[in-house]
Amino acid sequence: MKAAVVGVGQAGGKLAQALTEYDSRTGFDAVEGALAVNTARQDLEGLDLPTVLVGQERVAGNGVGGDNELGASVMQADAPMVLDELDGIVRSSTEAIFVAAGLGGGTGSGGAPVLARQLSRVYDAPVYVLGVLPGKDEGALYQANAGRSLKTVSREADAVLLVDNDAWREAGESVGDAYAAINERVAKRVGLLLASGEAVQGVGESVVDSSEVINTLRKGGLAVLGFADAPAAADAGENVNVITSTARKALLTGTSVPNVVDADAALVVVAGDTDRLSRKGVERARQWVQEQTGSMEVRGGDFPLDGEKLAVLVLLAGVTRNDHIQSFVDRARDAAEADAEDAPDPAAAFENDELDGLF
Ligand code: GDP
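Nothing here was measured: the structure is a model prediction, and the numbers come from that model.

So, how was this worked out
- Residues numbered from 1 in each chain as written.
- Predicted model: local features only at pLDDT ≥ 70, side-chain atom pairs only at ≥ 80, totals over all residues.
- Heavy atoms only, no water.
- Helix = DSSP H or I, 4+ residues; strand = E, 2+ residues; numbered from the N terminus.
- Rg over C-alpha atoms; globule rule 2.2 N^0.38 Å.
- Buried < 20%, exposed > 50% of the residue type's maximum accessible area, 1.4 Å probe, protein only.
- Contact = heavy atoms within 4.5 Å.
- Lys, Arg positive; Asp, Glu negative; His and termini not counted.
- Charge placed at Lys NZ, Arg CZ, Asp CG, Glu CD.
- Near = heavy atom within 4 Å.
- Polar contact = N/O pair within 3.5 Å; in protein donor to acceptor, adjacent residues only side chain to side chain.
- Areas by Shrake-Rupley, 256 points an atom, 1.4 Å probe, with all protein chains shown as cover.
- Nonpolar A, V, L, I, M, F, W, Y, C, P; charged D, E, K, R; others polar.
- Pairing = 2+ DSSP bridges.
- Axes fitted to C-alpha atoms, helices over the stretch in contact; angles between N-to-C directions.
- Core = buried A, V, L, I, M, F, W, Y, C linked by side-chain atoms within 4.5 Å.
- Domains from an automatic or database assignment.
- Expected span 1.5 Å × (residues − 1).
- Bend = angle between axes of the 7 residues up to and from the residue.

Draft legend 1. Highlighting the overall build of the protein chain. A count of helical and extended segments in the protein chain gives 11 helices and 10 strands. Taking 2.2 N^0.38 as the reference for a compact globule, 359 residues should give roughly 21 Å; the C-alpha atoms of the protein chain span a radius of gyration of 21 Å, in line with that estimate. Each of the 359 residues in the protein chain was classed as buried or not, and the buried ones make up 55%. Across the protein chain, every contact between residues at least 6 apart in sequence was considered, and the portion connecting residues at least 24 apart equals 79%. Across the protein chain, the 30 positively charged side chains and the 55 negatively charged ones have centroids separated by 6 Å.

Draft legend 2. Broad picture of the site of the ligand. In the vicinity of the ligand there are 18 residues, among which Q10, G108, E138, Y179 and N183 approach most closely. One nitrogen or oxygen atom from the main chain of Q10 is found 2.7 Å from an oxygen atom belonging to the ligand. A total of 570 Å² of accessible area belongs to the ligand in isolation, and the protein chains cover 93% of it. Every element with two or more residues in the shell around the ligand is listed here: α1 (9–26), α5 (107–122) and α7 (175–196). Looking at the shell around the ligand residue by residue, the class counts come to seven nonpolar, nine polar and two charged.

Draft legend 3. Quick peek at the sheet that holds strand β1 (residues 3–8). With respect to topology, 10 strands assemble into an open sheet ordered β3-β2-β1-β4-β5-β6-β7-β10-β8-β9, the strand pairing being mixed. Lying at the two open borders of the sheet, with one neighbouring strand each, are β3 (51–53) and β9 (298–304). Looking at each pair of strands side by side, their axes are set apart by 20° on average, direction ignored. Where strand β6 (residues 159–164) lies against strand β7 (residues 222–231), two bridges are found, and the strand directions are parallel. Within β7, the residue paired with V160 across the bridge is L222. Here helix α6 (residues 140–156) sits on the sheet in contact with β5 (127–133), β6 and β7, set at roughly 150° to β6. Sitting on the sheet, helix α9 (residues 240–252) touches β7, β8 (265–272) and β10 (309–317), and the angle it makes with β10 is about 45°.

Draft legend 4. Focus on the nonpolar core. Core analysis: the biggest nonpolar cluster contains 63 residues, and L86, L119, L150 and L316 have the highest contact counts within it. For this core, the domains that each give at least three residues are domain 1 (3–198) and domain 2 (224–319). In this structure, L150 is in contact with L103, L133, V160, L162, L222 and F328, ignoring residues within four places of it in sequence. In terms of nonpolar packing, the next biggest core, distinct from the first, is built from 51 residues, M1, A30, A36 and A96 among them.

Draft legend 5. View of helix α4 (residues 68–86). Taking 1.5 Å per residue, 19 residues should reach 27 Å; α4 reaches only 23 Å between its end C-alpha atoms and comes up short. Where α4 bends most, the angle comes to about 60°, and this point is D78, followed within four residues by the proline P80. Taken together, the buried positions of α4 are N68, L70, G71, V74, M75, D78, A79, V82, L83 and L86. Of the surrounding elements, those touching the buried residues of α4 are β1, β2 (31–38), α3 (56–59), α5 and α6. The backbone nitrogen of E69 lies 3.1 Å from a side-chain oxygen of the residue at the head of α4, namely D67.

Next up, the structure:
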């Protein structure tokens, strides 16, 4: 699937870069172009991508300091600049636009929903947000910001592919220490998904194509991605169980938001050497995902890829709010309420004065 990637804010820029690097290192060439957008000049400096500094008039290149309303407002004002830069990055061949952002910060949290709306207005290609949720130990401001941002991107984007910062972090890594590693894992998984939708010349009919990724995501709402891999036998016939057990691992322990199983639609992609890929295995894995998710719309296919391992990607779309997502929403709401209590309304001091406010 030919994609353009726009990274907004610090996390967004780093993810856009990691995805672009993964795509060119592997030679998949699914990412046609990328752009990083930020209000903080310093965060753009380390990136090896075209960049746009927004909000210069308001924040002079110093960032919005976790104020996502300000992030939204400067993105609204400078959207024409960003759209100008995207000319040539989003092309007529572009099949999807991905807006990557950390939903808990300021620039990406506020800017991604605004940009998703603007991009949907201008381009025919679907706009997906690759949104990072703060881990559960991140501060209250991150939780509250991410709650509001998630609600808004869910409305503005064609689908929101969620990655929880706790999900693909290894035990013992703190979120901060793990950023680079998490970004690599996201880049590999999303990069494989994009590449799996690339037409491969001369290979059999069960190969996945872009329309299957797009049709799966058409369910809208929240999407998550599961991944697992395992060493494969040289002979395809011996890999039926390898594929089904790897699919189980991908769905039950390898998803970008933990413990998601219910979904409106799903796509199962089995990547590996064509000699090792078992069609029967792919079909069994597809059927198993169908039973697990309760979805009648589970697509399956393979993605020919050299190597001795087989990897299974499971894309779930229209996922139902599970306990994990609900506890994030509860944290976000509690953090927002606590914040409102901490900041007394200055107008309350005028309550008994019978004055009317201006608006
Ligand atoms: P912004 O620059 O104002 O948009 O803010 P950030 O992008 O720093 O957003 C903060 C949120 O993103 C927090 O939840 C951080 O944990 C997370 N975050 C920041 N940098 C990274 C990164 O490189 N990778 C990942 N996965 N998360 C990040």
